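# Notes for the structure review
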Amino acid sequence: MPGRRRPVLRHGADERLGQAAIAGIGESAWTAIKYPKAVWDEEGQCWISDAEIAETTYTAFTSKPKKQQVTARLIVRRVKRLNPAALPEGQGTLFDTWRYHAAFTDSPLPLIDAERDHRRHAVVEQVIADVKNSAFAHAPSGHFQANAAWLTLAALAHNLTRAAGALACAFHARATTATIRDHLINVPARLARSARRLTLHLPQRWPWNSEFIQLFTATHAPPPVG
């Protein structure tokens, strides 16, 4: 189907052939691109806004019978490795300076548009995975109406949790909702009432104390004077 992406660079023969295909791309074939917004790179632990893209022809599943092999476009994006300490153990010299991300696709779009489309789908898939790993993990129920209502509630919870993370700190702004729940929502705190006032007693030596205070301050107006 047009535009359908298939996994590539698997362990074993496909991975070795994929690396060989990437290594065979000439330097003149790479096109520099700039992200409209900087993207957080988990491996390098830094923000990146520049990359280079290229493509080559690649045949996947060569270990299978001929009729099961697939030949299509291998679109490759590479970014400079800004954090040498993040170099994975066992990587070859091909990956000493650049880190490579490949997408195997039969998309008819031009290279730049196809790569942008792949990144857009990757972001959407990450969000879907995050929602399925949280509130929507309990669906389906077997009833369409119940699933529709649960999906709406799951989306609301997801958006509120993401907003809370963004208000807390830069780390939680990009953390998964599971991490935000563990750090900032499922807090073993104690609520006490005294002199018509509520006091929230938080854990001692709690590593996320400052982040929680920042979130609390951002979401609660100061008490009225007098």
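Rules behind the numbers
Residues numbered from 1 in each chain as written. Predicted model: local features only at pLDDT ≥ 70, side-chain atom pairs only at ≥ 80, totals over all residues. Heavy atoms only, no water. Helix = DSSP H or I, 4+ residues; strand = E, 2+ residues; numbered from the N terminus. Contact = heavy atoms within 4.5 Å. Phe/Tyr/Trp six-rings, centres within 6.5 Å; stacked < 30°, edge-to-face > 60°. Buried < 20%, exposed > 50% of the residue type's maximum accessible area, 1.4 Å probe, protein only. Lys NZ or Arg CZ within 6 Å of the ring centre and 35° of its normal. Salt bridge = Lys/Arg side-chain N within 4 Å of Asp/Glu carboxyl O. Expected span 1.5 Å × (residues − 1). Axes fitted to C-alpha atoms, helices over the stretch in contact; angles between N-to-C directions. Left-handed = near helix turned anticlockwise from the far one by under 90°. Nonpolar A, V, L, I, M, F, W, Y, C, P; charged D, E, K, R; others polar.

With that settled, the discussion passes to the overall build of the protein chain. Along the protein chain, the regular secondary structure elements total 6 helices and 7 strands. Along the protein chain, helices (α) and strands (β) appear in the sequence β-α-β-β-β-β-α-α-α-α-β-β-α when read from the amino end. Counting only contacts in the protein chain whose residues sit at least 6 apart along the sequence, the fraction spanning at least 24 positions is 52%.

As a further point, take the packing of aromatic side chains. All chains considered together, the criterion is met by 5 aromatic pairs. Summarising the aromatic geometry, the rings of W30 and Y100 are spaced 5.9 Å apart at their centres and angled 65° between planes, so their arrangement reads as edge-to-face. Separated by 70 residues along the polypeptide, W30 in the loop between helix 1 (13–23) and strand 2 (31–41) and Y100 in strand 5 (residues 98–105) bring together distant segments of the chain. Accessibility expressed as a relative area gives 10% for W30, which makes it buried. We classify Y100 as buried; its relative accessible area is 15%. Between the aromatic rings of Y58 and F104, the centroid separation amounts to 5.6 Å while the plane-to-plane angle is 90°, which identifies the pairing as edge-to-face. Residue Y58 is found in strand 3 (residues 46–60), and its partner F104 is found in strand 5; the two are separated by 46 residues along the sequence. Joined through ring pairs, the aromatic side chains of W206, F212 and F216 make up one cluster. The cationic tip of R78 hangs over the ring face of W30; the distance from NZ or CZ to the ring centre is 4.1 Å.

This model, assessed by the stated rule, comprises 8 salt bridges. Of the charged contacts, one joins R78 and E27 as a salt bridge, the two residues approaching to 3.0 Å between their closest N and O atoms. In this pair, R78 sits in strand 4 (residues 70–80) while E27 sits in the loop between helix 1 and strand 2, placing the two residues 51 residues apart along the sequence. The class of E27 is exposed, set by a relative accessible area of 59%. Here R162 ties to D130 by a salt bridge, and the two come within 3.8 Å at their closest N and O atoms. One end of the pair, R162, is in helix 3 (residues 144–168); the other, D130, is in helix 2 (residues 111–132), and 32 residues separate them in sequence. The network of salt bridges with shared partners includes E27, E52 and R78.

Right, let's talk about the environment of A139 for a bit. In this structure, A139 sits in the loop between helix 2 and helix 3. As for A139 and L151, which are separated by 12 residues in sequence, their C-alpha atoms are 8.2 Å apart. Not counting the four nearest positions on each side in its chain, A139 is found in contact with N147 and W150.

Another point: helix 3. The end-to-end C-alpha distance of helix 3 is 36 Å, a good match for the 36 Å that 25 residues give at a rise of 1.5 Å each. Three or more residues of helix 3 are buried, namely N147, A154, H158, T161, A164, G165 and A168.

The next subject is the packing of helix 3 against helix 5 (residues 177–185). Running from N to C, helix 3 and helix 5 point in directions that differ by 60°, and their axes come no closer than 10 Å. Regarding helix 3 and helix 5, the two cross each other, and that crossing is left-handed. Taken together, the residues of helix 5 that come into contact with helix 3 (itself represented by H158, T161, R162, G165 and A168) are T177, I180, L184 and I185. The residue makeup of the contact of helix 3 with helix 5, split by class, is 4 nonpolar, 4 polar and 1 charged.

Taken by themselves, the reported measurements are silent on function.
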